[in-house]
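Per-entry structural report
Chain residues, written in single-letter form:
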Amino acid sequence: MGTTLDIKIKRANKVYHAGEMLSGVVVISGKDSVQHQGLSLTVEGTVNLQLSAKSVGVFEAFYNSVKPIQVINSTIEMVKPGKFPGGKTEIPFEFPLHVKSNKVLYETYHGVFVNIQYTLRCDMRRSLLAKDLTKTCEFIVHSTPQKGKWTPSPVDFTITPDTLQNVKERALLPKFLIRGHLNSTNCVITQPLTGELVVESSEAAIKSIELQLVRVETCGCAEGYARDATEIQNIQIADGDVCRGLSIPIYMVFPRLFTCPTLETTNFKVGRVPWSLCPSFTAVPGCCAQGLAHSRCSVHSCSHWRPGGPTFSAKH
């Protein structure tokens, strides 16, 4: 068994906020002693942007002006050149999560066109005859919750054949009426989106009702911006031909890594995330249309989301 390198972060959930101390231990394990040329630890935070396939070539300046954005980058020398004994050696570390005055620790976010990631990397340099050892570990940064009272902003919605989007042959749709409401379009991201809906009437038997959450990401530069929407998650809230006039609860938990507080910068934006209800009817093969119970959310650090019609925003 050769020498192994590992990073163990003190907090099990690996979640930190700006200004806190990131701490843990670096573990060097091996049967025999190992000679090294120094051990260093680097904390790095970057924002990686890319355009969707449909926008490639449209914004040439984007590729020239936007490289990975460095949010934080700091390196410390943990151990000077020497030798580690056989067995297990643990070296504790602490890193203050501070950035320069003109920088901001954006919340960790894994999107399709915008990706904000923070990592710890430990490097053990060795002689020319031995390969250097490297270990990388991701940690999560959450925005500090905003202070102040949260005010809910409820919204009512109605879905009929006339309010549907993405319908090719509207005449084939059965007549139906669905009403409902969201308890708030200004949501805390750590709390679920809640509400209820009622199927008032439907000529055809209902197969299922699904709730879809979509994120909107914007990338670009002074030349122009590309805006793309991608689905985050799709959950079924009713199965089969539901009873008419019966209240059906809406309850959706926001997937934490794939949503973040509403964020707007010069080169990218994340926010105003829409949701939609998709009623599917057995009487019309393949009929599944998105209703104009269409809402958007922006995420903030209190973690609130807000639909502007139906549209949301999330805060911390």
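Calculation rules
Residues numbered from 1 in each chain as written. Predicted model: local features only at pLDDT ≥ 70, side-chain atom pairs only at ≥ 80, totals over all residues. Heavy atoms only, no water. Pairing = 2+ DSSP bridges. Helix = DSSP H or I, 4+ residues; strand = E, 2+ residues; numbered from the N terminus. Axes fitted to C-alpha atoms, helices over the stretch in contact; angles between N-to-C directions. Phe/Tyr/Trp six-rings, centres within 6.5 Å; stacked < 30°, edge-to-face > 60°. Buried < 20%, exposed > 50% of the residue type's maximum accessible area, 1.4 Å probe, protein only. Salt bridge = Lys/Arg side-chain N within 4 Å of Asp/Glu carboxyl O. pLDDT = per-residue confidence, 0-100. Contact = heavy atoms within 4.5 Å. Core = buried A, V, L, I, M, F, W, Y, C linked by side-chain atoms within 4.5 Å.

Now for the sheet that holds strand β18 (residues 247-252). Spatially, four strands are ordered β12-β13-β15-β18 in an open sheet, and the strand pairing comes out antiparallel. Both edges of this open sheet fall to β12 (155-159) and β18, since each of them pairs with a single strand only. On average, each strand axis in the sheet is inclined to that of its neighbour by 20°, with strand direction left out of account. The pairing of strand β15 (residues 193-202) with β18 spans six bridges and is classified as antiparallel. Its bridge partner lying in β18, Glu196 is registered against Pro249.

Looking now at the packing of aromatic side chains. Inspection of the entire model under this criterion finds two aromatic pairs. Judged by centre distance (5.7 Å) and plane angle (85°), the rings of Tyr106 and Phe268 are edge-to-face. Within this pair, whereas Tyr106 is found in the loop between β8 (87-96) and β9 (109-110), its partner Phe268 is found in strand β20 (residues 268-270), the two being separated by 162 residues in sequence. Looking at Tyr106, the relative accessible area reads 17%, which means it is buried. Between the aromatic rings of Tyr118 and Phe139, the centroid separation amounts to 5.9 Å while the plane-to-plane angle is 40°, which identifies the pairing as tilted.

Here we come to the pattern of salt bridges. Evaluation of the coordinates by the stated rule reveals five salt bridges. Salt-bridge contacts for Arg11 lead to Glu20; the nearest nitrogen and oxygen are separated by 2.9 Å. Its salt-bridge partner being Glu107, residue Arg256 comes within 2.5 Å of it at the nearest N-O pair. Here Arg256, found in the loop between β18 and β19 (263-264), pairs with Glu107, found in the loop between β8 and β9; they are 149 residues apart in sequence, far enough to count as distant. Glu107 sits in the buried class, given a relative accessible area of 4%.

Interpretation of the predicted coordinates at a detailed level should be avoided for regions scoring low in pLDDT. Scored by pLDDT, the protein chain has a mean of 79; 78% of the residues are at 70 or more. In the model, residues 283-315 has pLDDT below 50 throughout and makes 186 contacts with residues more than four positions away in sequence or in other chains.

Here the focus is unusual backbone geometry. The backbone of Lys14 shows a phi angle near 60°, a positive value even though the residue is not glycine. Among the secondary structure elements, Lys14 is positioned in the loop between β1 (4-9) and β2 (15-16). The class for Lys14 is partly exposed, based on a relative accessible area of 31%.

Turning our attention to the environment of Val216. Relative to the helices and strands, Val216 is located in strand β16 (residues 206-221). Note on Val216: relative accessible area 5%, which makes it buried. Taking C-alpha positions, Val216 is 6.2 Å from Val270, a pair spaced 54 residues apart along the chain.

The nonpolar side chains of soluble globular proteins are, as a tendency, buried together. If you look at the biggest cluster of nonpolar residues, it comprises 41 residues, and the most contacted ones within it are Leu39 and Leu120. Secondary-structure elements contributing two or more residues to this core are β1, β3 (21-30), β5 (39-49), β6 (69-79), β8, β10 (114-124), β11 (133-141) and β20. If one sorts the elements of this core by residue count, β10 sits on top with six residues. Among all residues touching Leu120, those that are not within four sequence positions of it are Ile7, Ile9, Leu22, Leu41, Thr42, Val43, Phe93, Phe95, Lys135, Thr136, Cys137 and Phe139. Counting 25 residues, the second largest nonpolar core, distinct from the first, contains Ala238, Val242, Ile248 and Met252.

Now for the pairing of β12. Residue alternation in β12 divides its side chains into a buried set, Val155, Phe157 and Ile159, and an unburied set, Asp156 and Thr158. Pairing between β12 and strand β13 (residues 176-182): five bridges, direction antiparallel. Bridging from a neighbouring strand, Thr158 pairs with Arg179 of β13.

Attention now moves to the sheet that holds β8. In spatial order, the strands read β1-β3-β8; together these three strands make up an open sheet with antiparallel pairing. With partners counted over all chains shown, the strands left at the sheet margins are β1 and β8, one partner each. The mean angle between the axes of side-by-side strands here comes to 20°, regardless of whether they run parallel or antiparallel. Summarising the sheet, β3 and β8 pair through 10 bridges and their orientation is antiparallel.

Another point: the environment of Phe268. Classification of Phe268 by relative accessible area gives buried; the value is 1%. Spatially, the C-alpha atom of Phe268 lies 9.9 Å from that of Gln50, the residues being 218 residues apart in sequence. Non-local contacts of Phe268, meaning those with residues more than four positions away in its chain, are made with Val47, Leu49, Ile69, Tyr106, Val114, Ile116, Thr218, Cys219 and Leu263.

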